[in-house]
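Architecture and fold: a report
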Amino acid sequence: MLRDITIGQYYPAESVIHKLDPRVKLMGTLVYIISLFTCRGVFGFLFATVFLTSVIWLSKVPLSYMVKGLKAIVVLMVITAFFNLFFTPGDRVLFRFFFVTITLEGAKSAAFMLVRLIYLIVGTSIMTLATTPNQLTDGLEKALSPLSKIKVPVHAIAMMMSIALRFIPILVEETDIIMKAQMARGADFESGNFLKRVKNMAPLLVPLFVSAFRRADDLAMAMEARCYVGGSGRTKMKPLRYAKRDYLAYLTLAAYLGGIIALRILF
């Protein structure tokens, strides 16, 4: 399951999505998240499905590679569907057994919330899969640059977020190595129920935290040894400039969000 985590990983490919300015992809991700919580009903989700399918096709990232990232949040998906199914009040009762009641409204809420969560994970993963950490840092810093007028450390914030995303696959790989090392010494992480397996994962925390702090300390020393100083006055090897495809992408995002809002109003 650890190898199924795709958040923070980069998938190299020659696609239109990969060539877009990182600011466009950041804005697109924000618009997409807003649209998922704006749309209501079947028509809104069908429109979001068409948009998401088109972006996945344009990114040239295999759908199977994105879908496998859902395995890491299966428990969250089940809990979300459970609470929406059993705790959403409604007038049309589908099933009743003692104090357990399932209504049509609850079933619809659970289905829509499950689809929304799946689309959210798959859609937002496209940004990291199609954007390198350096591009993501530059795009986030450029997008937040107006905040520097009020003394907000924009460069530091962008760098921290980029490093945090980059550390996700590294820590996942480190966890996998530690698990295999402990399994070779007799540790059992597979058998037993869910609670027992979670309890068996506890011995992984100490070596994982030690490894994470060691990597962070090594990174800090490497940056200091190279006299790294961020912020104003720092130049870019590849300055960000909008191209024609970026403006077309902005127009597409505006049309998509407008369509979602229109479908919410009409249906």
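Residues numbered from 1 in each chain as written. Predicted model: local features only at pLDDT ≥ 70, side-chain atom pairs only at ≥ 80, totals over all residues. Heavy atoms only, no water.

Thoughts on the overall build of the protein
Across its full length, the protein carries 11 helices and 2 strands. When the helices and strands of the protein are read in sequence order from the N terminus, they spell out α-α-α-α-α-β-β-α-α-α-α-α-α. Projected onto the principal axes, the alpha-carbon positions of the protein cover approximately 70 × 55 × 40 Å. Per-residue burial over the protein gives 33% buried out of 267 residues. (Helix = DSSP H or I, 4+ residues; strand = E, 2+ residues; numbered from the N terminus. Buried < 20%, exposed > 50% of the residue type's maximum accessible area, 1.4 Å probe, protein only.)

Here we look at the layout of surface pockets
Empty space within the largest pocket amounts to approximately 920 Å³. Lining the largest pocket are 35 residues, with Thr-132, Pro-133, Asn-134, Gln-135 and Asp-138 positioned closest to its centre. Elements represented by at least two residues in the lining of the largest pocket include exactly helix H1 (16-19), helix H7 (133-143), helix H8 (154-184), helix H10 (205-225) and helix H11 (244-266). (1 Å grid on protein atoms, 1.4 Å probe; cavity = no way out; pocket = protein on both sides within 12 Å on 5 of 7 lines; lining within 4 Å. Points joined across faces, edges and corners; volume = space filled by probe spheres on them.)

Remarks on a nonpolar patch on the surface
On the surface, Val-42, Phe-43, Leu-46, Ile-261, Ile-265, Leu-266 and Phe-267 cluster together into a nonpolar patch covering about 770 Å² of accessible area. Of all the secondary-structure elements, those providing two or more residues to the nonpolar patch are helix H3 (41-59) and H11. With respect to the helices and strands, the residue Phe-267 is situated in the segment after H11. Accessibility expressed as a relative area gives 55% for Phe-267, which makes it exposed. (Patch = residues over 30% accessible without salt bridge, like charges linked within 9 Å, V, L, I, M, F, W, Y side chains within 5 Å. Areas by Shrake-Rupley, 256 points an atom, 1.4 Å probe, with all protein chains shown as cover. Salt bridge = Lys/Arg side-chain N within 4 Å of Asp/Glu carboxyl O.)

Quick notes on the packing of helix H5 (residues 74-86) against helix H6 (residues 104-129)
One way to put it is that H5 packs onto H6 with a least axis distance of 7 Å and a crossing angle of 155 degrees. Our classification of the angle between H5 and H6 gives roughly antiparallel. Crossing handedness for the pair H5 and H6: right-handed. Residues Leu-76, Met-77, Thr-80, Ala-81, Asn-84 and Leu-85 of H5 form the contact with H6, whose own contacting residues are Gly-106, Ala-107, Ser-109, Ala-110, Met-113, Leu-114, Leu-117 and Ile-118. Among the residues forming the contact of H5 with H6, the class breakdown is 10 nonpolar, 4 polar and no charged. (Axes fitted to C-alpha atoms, helices over the stretch in contact; angles between N-to-C directions. Parallel < 35°, antiparallel > 145°, perpendicular 65-115°, else oblique. Left-handed = near helix turned anticlockwise from the far one by under 90°. Contact = heavy atoms within 4.5 Å. Nonpolar A, V, L, I, M, F, W, Y, C, P; charged D, E, K, R; others polar.)

Notes on the pattern of salt bridges
Scanning the model with the defined rule gives 4 salt bridges in all. Among the ionic pairs, Arg-23 bridges to Asp-21, the shortest N-O distance being 2.9 Å. Since its relative accessible area comes to 11%, Arg-23 is described here as buried. Across the salt bridge formed by Arg-215 and Glu-174, the nearest N and O atoms sit 3.0 Å from each other. Here Arg-215 is found in helix H10, whereas its partner Glu-174 is found in helix H8, with 41 residues between them in sequence. Judged by relative accessible area, which is 14%, Glu-174 ranks as buried.

Here we look at the environment of Arg-23
As for its position among the elements, Arg-23 is in helix H2 (residues 22-38). Along the sequence, Arg-23 and Ala-48 sit 25 residues apart, while their C-alpha atoms lie 21 Å from each other. Those residues in contact with Arg-23, other than ones at most four positions away along the chain, are Gly-139, Lys-142, Ala-143, Leu-240, Arg-241, Tyr-242 and Tyr-250.

Focus on the pairing of strand S2 (residues 100-103)
By the bridge criterion, 4 bridges tie strand S1 (residues 93-97) to S2 in an arrangement that is antiparallel. Each residue of the ladder has a partner; that of Val-93, found in S2, is Thr-103. Once S1 ends, the chain turns through 2 residues before running back antiparallel as S2, passing Phe-98 with a positive phi of about 55 degrees. (Pairing = 2+ DSSP bridges.)

With respect to the side chain of Ser-125
Inspection of the secondary structure assignment puts Ser-125 in helix H6. Judged by its relative accessible area of 3%, Ser-125 is buried. For Ser-125, the side chain forms a polar contact with the main-chain oxygen of Val-122, separated by 2.7 Å. (Polar contact = N/O pair within 3.5 Å; in protein donor to acceptor, adjacent residues only side chain to side chain.)

Looking at unusual backbone geometry
The backbone of Lys-60 sits at a positive phi, close to 60 degrees, despite the residue not being glycine. As for its position among the elements, Lys-60 is in the loop between H3 and helix H4 (63-67). One non-glycine residue with positive phi stands out, namely Lys-151, at about 70 degrees. Relative to the helices and strands, Lys-151 resides in the loop between H7 and H8.

Description of the nonpolar core
Core analysis: the largest hydrophobic core is formed by 30 residues, its most contacted members being Tyr-32, Leu-52, Met-66, Ile-126 and Tyr-256. Sorting the residues of this core by element identifies H2, H3, H4, H6 and H11 as the ones contributing at least two each. Once residues within four sequence positions are removed from consideration, Tyr-32 is found in contact with Phe-51, Leu-52, Tyr-119, Leu-120, Gly-123 and Tyr-256. (Core = buried A, V, L, I, M, F, W, Y, C linked by side-chain atoms within 4.5 Å.)

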